[in-house]
Amino acid sequence: MSDYLSHEFAIDRYRPPPVGHVSHSRLERVLRAGRFAVTAESNPPDSADPEDVYQAAQPLGEVVDAINATDASGANCHMSSVGISALLTRSGYSAVYQISCRDRNRIAIQGDVLGAAAMGISNVLCLTGDGVGVGDQPGAKPVFDVDSLSLLRIIRMMRDQGQFLSGRKIKHPPNLFLGAAENPCIPPLEWRADRLAKKVEAGADFIQTNYIYDIPMFEAFMSRVRDMGLDRKVFILAGVGPLASARTARWMRSNVPGIHIPDFMISRMEQAENPGLEGKKICIELIQQIKEISGVSGVHVMAYRREHLVSEIIRESGVLDDRKKTRTAR
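Here is what the cut-offs are and how they apply
Residues numbered from 1 in each chain as written. Predicted model: local features only at pLDDT ≥ 70, side-chain atom pairs only at ≥ 80, totals over all residues. Heavy atoms only, no water. Helix = DSSP H or I, 4+ residues; strand = E, 2+ residues; numbered from the N terminus. Expected span 1.5 Å × (residues − 1). Buried < 20%, exposed > 50% of the residue type's maximum accessible area, 1.4 Å probe, protein only. Pairing = 2+ DSSP bridges. Right-handed = clockwise from strand over helix to strand, strands pointing away. Core = buried A, V, L, I, M, F, W, Y, C linked by side-chain atoms within 4.5 Å. Contact = heavy atoms within 4.5 Å. Phe/Tyr/Trp six-rings, centres within 6.5 Å; stacked < 30°, edge-to-face > 60°. Disulfide = S-S within 2.5 Å. Salt bridge = Lys/Arg side-chain N within 4 Å of Asp/Glu carboxyl O. Polar contact = N/O pair within 3.5 Å; in protein donor to acceptor, adjacent residues only side chain to side chain. Arc of directions from axis to C-beta.

## Focus on helix α5 (residues 106-118)
Quick reminder: α-helices carry 3.6 residues per turn. Residues three or four places apart thus point the same way.
Consideration 1: If you check α5, its first and last C-alpha atoms are 18 Å apart, about what 13 residues at 1.5 Å a residue would give, namely 18 Å.
Consideration 2: Immediately downstream of α5, the backbone of Gly120 shows phi near 95 degrees, a positive value.

Structural data, given as structure tokens:
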């Protein structure tokens, strides 16, 4: 690349975000425009071939506003989240770069954040991370130098104050839309909104929740969120995903902290002639119900290595219909 082209690229990369925005992210634009946002996960390949990333992202490209690149979720090693995010961004997708505090200290993370921003990545999701004991390399040494709250504060400082945690100045601060995760279904339930408030105070611009299967439980959480005025301070995207079978649902309820699946839903899966199809129908119904809950700004759809199914669920749920009408009107 010539010096001239490099210079032009740098000018374009560091132009200020639109007024009222903190990034150039498509996800941020959609949310601030008041549209119901849709995100999904691209599960990382055990491969060094970029084509594996592109093939997974292709079914999602026309139905989501951003694609999450998971960071060794479950403490299992895959292609890095920053690598996937860079590949997605280079191909025109809006990526959500997940950062787990489990594997890197504050020095490495701050450097990765600058590198990600330099590659055009605009969304970051701050996670504490699963313990190494649940993964396939339990002998790995955990880091946990900081947690998700501290990480939010650090990246917000880099963005808004233009300095590292040490106080040293950053020449070109990163323009990033900051996110965090929340689990509305972990007891004590009455404390979950208070936990969310801490993440908002720490700098979260958007929230993606864990799987929601119990609508009344989630509605109670959102009622508390509205009472605290948090729905006016942060964009909340509710996590959903299709159940594969009644057996899977029981296992998730028993082994995954914070996931509550009502008995009637498990019974419905048991009685279904085609459990996979029934799980898809349930997920679509959940999206449609969640869309009607005041204060919810979108959904985050998760289905491990089943991106085509995610695309079908989003299309059939009808959450994109308003956008089609808008485009037609223009």
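So, next bit.
## What to know about the pairing of strand β7 (residues 235-240)
Consideration 1: The element β7 is largely enclosed, with a buried count of six among its six residues.
Consideration 2: Judged by which residues are buried, β7 turns out to be covered on both faces: Phe235, Leu237 and Gly239 on one side and Ile236, Ala238 and Val240 on the other are all buried.
Consideration 3: In the sheet, strand β6 (residues 206-211) pairs with β7 via four bridges, with the strands oriented parallel. Residue pairing for β7: Tyr211 is matched across the bridge by Gly239.
Consideration 4: As for the winding sense of the linkage, the β-α-β connection from β6 through helix α8 (residues 215-227) to β7 is right-handed.
Consideration 5: Bridge count for β7 against strand β8 (residues 298-301) is four bridges, and the pairing is parallel. Bridging from a neighbouring strand, Val240 pairs with Val301 of β8.

## Re the nonpolar core
Consideration 1: Ile155, Tyr213, Phe218, Ile261, Ile290 and Ile314 are the most contacted members of the largest nonpolar core, which totals 86 residues.
Consideration 2: Discounting chain neighbours no more than four positions away, the residues touching Ile314 are Val38, Val63, Val64, Val301, Val319 and Leu320.
Consideration 3: Ranked by size, the runner-up nonpolar core spans twelve residues in total, among them Val30, Leu31, Ala37 and Leu237.

## Focus on the packing of aromatic side chains
Consideration 1: The tally for this structure, following the rule as stated, stands at four aromatic pairs.
Consideration 2: Ring geometry for Phe177 against Phe206: centres 5.1 Å apart, planes inclined by 25 degrees, an arrangement best described as stacked. You can see Phe177 sitting in strand β5 (residues 177-182) and its partner Phe206 sitting in strand β6, a full 29 residues away along the chain.
Consideration 3: For Phe206, a relative accessible area of 0% puts it in the buried group.
Consideration 4: Between Phe177 and Phe235 the ring centres are 6.5 Å apart and the planes differ by 50 degrees, which places this aromatic pair in the tilted class.

## Thoughts on the state of the cysteines
Consideration 1: Following the criterion strictly, the structure yields zero disulfides and no others.
Consideration 2: Left without a disulfide partner, Cys77 is nearest to the cysteine sulfur of Cys101, which lies 18 Å away.
Consideration 3: Take Cys185: it sits in no disulfide, and the sulfur closest to it among the cysteines is that of Cys283, at 15 Å.

## Examining the pattern of salt bridges
Consideration 1: Tallied over the entire structure, the rule returns 19 salt bridges.
Consideration 2: In this structure, Asp205 engages Arg159 in a salt bridge whose closest nitrogen and oxygen atoms are separated by 3.0 Å. Here Asp205 is found in the loop between α7 (192-202) and β6, whereas its partner Arg159 is found in helix α6 (residues 148-161), with 46 residues between them in sequence. For the pair Asp205 and Arg159, a shared accessibility class is recorded, and that class is buried.
Consideration 3: A salt bridge links Glu312 to Lys280; the nearest nitrogen and oxygen atoms lie 3.0 Å apart. Note that Glu312 is positioned in helix α12 (residues 307-317) and Lys280 in helix α11 (residues 275-291), a separation of 32 residues in sequence.
Consideration 4: Given the relative accessible area of 11%, Lys280 is considered buried.
Consideration 5: Residues joined in a network through salt bridges with shared partners are Arg26, Asp65 and Arg323.

## Some points on the environment of Trp191
Consideration 1: For Trp191, the location among the structural elements is in the loop between β5 and α7.
Consideration 2: The exposure class assigned to Trp191 is exposed, which follows from its relative accessible area of 58%.
Consideration 3: The sequence separation of Trp191 and Phe221 amounts to 30 residues, and the corresponding C-alpha distance is 9.3 Å.

## Some points on the environment of His78
Consideration 1: Position of His78 among the secondary structure elements: in the loop between β2 (66-69) and α4 (81-90).
Consideration 2: Taking the C-alpha atoms as reference points, His78 and Asn43, 35 residues apart in sequence, are found 9.0 Å from one another.
Consideration 3: Within the local environment of His78, its side chain forms a polar contact with the side chain of Asp46, the two groups lying 2.5 Å apart.

## Structural notes on the pairing of strand β3 (residues 95-100)
Consideration 1: Among the six residues that make up β3, six are buried, leaving the element largely enclosed by the rest of the structure.
Consideration 2: In β3, alternate side chains face the same way, and those of Ala95, Tyr97 and Ile99 on one face and Val96, Gln98 and Ser100 on the other are all buried.
Consideration 3: Note that β2 and β3 share three bridges and pair parallel. The residue bridging Asn68 from the neighbouring strand is Val96, located in β3.
Consideration 4: You can see the chain leave β2, run along α4 and come back into β3, and the turn it takes is right-handed.
Consideration 5: Summarising the sheet, β3 and strand β4 (residues 123-127) pair through five bridges and their orientation is parallel.

## Digging into helix α3 (residues 50-57)
Consideration 1: Those residues of α3 that sit buried are Val53, Tyr54, Ala56 and Ala57. In a view along the axis of α3, the buried residues occupy a sector of 165 degrees, so they form one face of it.
Consideration 2: The secondary structure elements touched by the buried residues of α3 are β1 (37-42), β2, α4 and α12.
Consideration 3: By the N-cap criterion, in which a side-chain oxygen at the helix start approaches the backbone nitrogen of a residue two or three places on, α3 is capped by Asp49, the distance to Glu51 being 2.9 Å.

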